[in-house]
Amino acid sequence: MLRTLVAIGGFALGGTTAALLSGGNPPHAQPAPIVRHAAIQADRVAVPQTTARVAVAQGLILHPVSTILAVPARMQYGDYRWDDKGVPLGRTWVRVDLKSQIISVFRGGDEIGTAVILYGADGLATPTGKFPILAKLKDHRSQTYDAPMPYTLRLTADGVSIHGSNVRWGYATHGCVGVPTAFAAKLFENVSVGDDVLIVGSAGASSRRA
């Protein structure tokens, strides 16, 4: 059964917020029970254009949104959804919600992917703001932390990126946005250098614009 749309900051989202972890908890919180992504139907939900225009004006999204993925239950760490069937060609852009721990990928006005994320904690907060993708590095490895970062999408000159991670309870990043590796591969294939990423934050996030 399709979950009721959840309104956050005036923007009603389905795929991006109907899949929230309980209360927008940080990465160390116990995730809520879910229906696995394999059982989710490939449905879409239309977003009222008045709502979308208000969200753009408030800086909550980069462009008007027409449809979002219908996620009927909360996703768990490591789960994701990707469905671009029937979505017309258009520029891809990304929205990351740190409070909700959700990433949303849009092609034009249609959401084509969503996943639960990890983000920075313990004094290494993930920055918020609008960032262009500066580089794509498929097999990158962090020199600072000597750790693999597959399908890296670099967002800042000092290394903040979206990349494949072991997204599980109790884990965090050193400021990057960690997504399931299979999802990261799909995202990597569908974005280009210069595409925009909007990161909206929680009280613990730092504010920075590239």
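Rules used in this analysis
Residues numbered from 1 in each chain as written. Predicted model: local features only at pLDDT ≥ 70, side-chain atom pairs only at ≥ 80, totals over all residues. Heavy atoms only, no water. Salt bridge = Lys/Arg side-chain N within 4 Å of Asp/Glu carboxyl O. Buried < 20%, exposed > 50% of the residue type's maximum accessible area, 1.4 Å probe, protein only. Helix = DSSP H or I, 4+ residues; strand = E, 2+ residues; numbered from the N terminus. Contact = heavy atoms within 4.5 Å. Pairing = 2+ DSSP bridges.

Here we take up the pattern of salt bridges. All chains considered together, the criterion is met by five salt bridges. Here aspartate 97 makes a salt bridge to arginine 95, at a shortest N to O gap of 3.5 Å. Here aspartate 97 matches arginine 95 in class, with each residue buried. Salt-bridge contacts for lysine 130 lead to aspartate 196; the nearest nitrogen and oxygen are separated by 3.8 Å. With lysine 130 in strand E9 (residues 129–132) and aspartate 196 in strand E14 (residues 196–200), the pair connects residues that are 66 residues apart, well separated along the chain. Look at lysine 130 and you get partly exposed, because its relative accessible area is 34%.

For the rest of this paragraph, the subject is the environment of isoleucine 199. Mapping isoleucine 199 onto the fold places it in strand E14. Under the relative-accessibility criterion, isoleucine 199 is labelled buried at 2%. Linking isoleucine 199 and proline 127, residues 72 residues apart in sequence, is a C-alpha distance of 7.4 Å. Setting aside residues no more than four positions away along its own chain, isoleucine 199 makes contact with Val96, Leu98, Thr126, Pro127, Thr128, Gly129, Phe131, Leu155 and Val177.

Another aspect to go through is unusual backbone geometry. With glycine set apart, most residues show a phi of negative sign, and most peptide bonds adopt trans. Look at glutamine 101: it is not a glycine, yet its phi comes out positive at around 60°. With respect to the element layout, glutamine 101 can be found in the loop between strand E6 (92–97) and strand E7 (102–107). A positive phi angle, near 55°, is found at tyrosine 151, a position not held by glycine. Checked against the element boundaries, tyrosine 151 lands in strand E11 (residues 147–154). Judged by its relative accessible area of 22%, tyrosine 151 falls in the partly exposed class.

Counting buried residues in strand E8 (residues 110–116) gives seven out of seven residues, a clear majority hidden from the surface. Of the strand pairs in this sheet, strand E5 (residues 80–82) and E8 are connected by three bridges, and their pairing is antiparallel. Counterpart to arginine 81 in the pairing with E8 is threonine 114. Relative to E8, E7 runs antiparallel, the two sharing six bridges. Looking across to E8, one finds that serine 104 is bridged to threonine 114.

None of this, on its own, says anything about what the molecule does.
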